[in-house]
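# Coordinate analysis (summary)
Residues per chain are reported as follows:
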Amino acid sequence: MPRPTRKPNNPMPKEWLAATLSEQYVADYKPFNFVDGEGVRCSLYLSGCPFHCPGCYNVAAQNFHYGQPYSQDLEDQIMTDLGQSYVQGLTLLGGEPFLNTQVAIHLCRRIRREFGHTKDIWSWSGYTWEELRQDSADKLELLSLIDILIDGRFLETEKDLTLQFRGSSNQRIIDVPQSLAANDVVIWDKLVH
């Protein structure tokens, strides 16, 4: 008899809040990489994720106390790195960025102040677009500051290593500004099928 398939945790709207879960820790920072979105990127891995998707590639970062506390020095380094002409933007990963909104919103606001929209912001999230749209004000604010959202839990049963920037076929690459304007999901126009 086949073993039952484990599934990620599924929160109700506003069940998980950054204010009660986040310890404002960073699991890792990787400047100048080519794998976490389009172009050369600076990637910030935020600590903590209660989705606990079976098969998660970054299990250590599920702990909200993993890594180091976010610091002004790190933020200044990120901004310096983003200032390089060849860097396209920032990527937020985790852990779960939308449960670390104290850090993510602060950093994204600074990027918008200093770079406007000349640098794009991508984020991965275990939340779906629909879940984020009915959740807390901080999640909605972070959503409004990013350009691209890769949404949805990683599902081992839908794992596909050929997918562009995704681990499982249920996940979508969403153009956030266009989706907010249309009040409906608009898939990124550079998606390779």
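In this report, we go over the structure that sits alongside the text. No experiment lies behind these values; they were computed from the predicted model shown.

Definitions and cut-offs
- Residues numbered from 1 in each chain as written.
- Predicted model: local features only at pLDDT ≥ 70, side-chain atom pairs only at ≥ 80, totals over all residues.
- Heavy atoms only, no water.
- Helix = DSSP H or I, 4+ residues; strand = E, 2+ residues; numbered from the N terminus.
- Phe/Tyr/Trp six-rings, centres within 6.5 Å; stacked < 30°, edge-to-face > 60°.
- Buried < 20%, exposed > 50% of the residue type's maximum accessible area, 1.4 Å probe, protein only.
- Pairing = 2+ DSSP bridges.
- Contact = heavy atoms within 4.5 Å.
- Axes fitted to C-alpha atoms, helices over the stretch in contact; angles between N-to-C directions.
- Core = buried A, V, L, I, M, F, W, Y, C linked by side-chain atoms within 4.5 Å.
- Left-handed = near helix turned anticlockwise from the far one by under 90°.
- Nonpolar A, V, L, I, M, F, W, Y, C, P; charged D, E, K, R; others polar.

### Some thoughts on unusual backbone geometry
Of note, the amide linkage connecting Gly94 to Gly95 takes the cis form, showing an omega dihedral of 10 degrees. Among the secondary structure elements, Gly95 is positioned in the loop between strand 4 (87-94) and helix 3 (101-115). Even without being glycine, Lys14 reaches a positive phi, approximately 65 degrees. Along the chain, the position of Lys14 falls in the segment before helix 1 (18-21).

### Observations concerning the packing of aromatic side chains
Using the criterion set out here, one finds 8 aromatic pairs in the structure. Relative to Tyr127, the ring of Phe51 lies with its centre 5.0 Å away and its plane at 80 degrees, an arrangement referred to as edge-to-face. A residue pair is termed long-range when its members are at least 10 positions apart, and Phe51 in the loop between strand 2 (40-46) and strand 3 (68-69) and Tyr127 in the loop between strand 5 (120-124) and helix 4 (129-133) qualify at 76 residues. Note on Phe51: relative accessible area 0%, which makes it buried.

### Some points on the sheet that holds strand 6 (residues 148-151)
An order of 3-1-2-4-5-6-7 is seen for the 7 strands of this open sheet, with the pairing classed as mixed. At either end of the open sheet lies a strand with only one pairing partner, and these are strand 3 and strand 7 (172-175). Here 7 bridges tie strand 2 to strand 4, and the two strands are oriented parallel to one another. Following the sheet pairing, Val40 is matched in strand 4 by Val87. Helix-sheet contacts for helix 2 (residues 72-82) involve strand 1 (25-33), strand 2 and strand 4, and the interaxial angle to strand 1 is about 20 degrees.

### Describing the side chain of Asn58
One can find Asn58 in the loop between strand 2 and strand 3. Ignoring sequence-local partners within four residues, the contact set of Asn58 consists of Tyr45 and Gly94.

### Points about the nonpolar core
Within the largest apolar cluster, 40 residues are counted, with the highest numbers of intra-cluster contacts made by Leu44, Leu82, Leu90, Leu92 and Leu149. For this core, the secondary structure elements donating two or more residues are strand 1, strand 2, helix 2, strand 4, helix 3, helix 4 and helix 5 (137-145). Apart from the residues lying within four places of it in its own chain, the contact partners of Leu90 are Arg41, Cys42, Leu44, Ile78, Leu82, Leu107, Ile111, Asp120, Ile121 and Trp122. Ranked by size, the runner-up nonpolar core spans 11 residues in total, among them Ala27, Leu93, Trp124 and Ile173.

### Side note on the pairing of strand 1
With 2 bridges connecting them, strand 1 and strand 3 associate as antiparallel partners. When the bridges of strand 3 are listed, Tyr25 appears paired with Pro69. Note that strand 1 and strand 2 share 5 bridges and pair antiparallel. Bridge assignment links Lys30 to a residue of strand 2, and that residue is Ser43.

### Topic: the packing of helix 3 against helix 5
Between helix 3 and helix 5, whose axes approach to 10 Å, the crossing angle comes to 30 degrees. For the crossing formed where helix 3 meets helix 5, the hand is left-handed. Between helix 3 and helix 5, the residues in contact are Thr101, Ala104, Ile105, Cys108, Arg109 and Arg112 and Asp138, Lys139, Glu141, Leu142 and Leu145, respectively. Looking at the contact of helix 3 with helix 5 residue by residue, the class counts come to 5 nonpolar, 1 polar and 5 charged.

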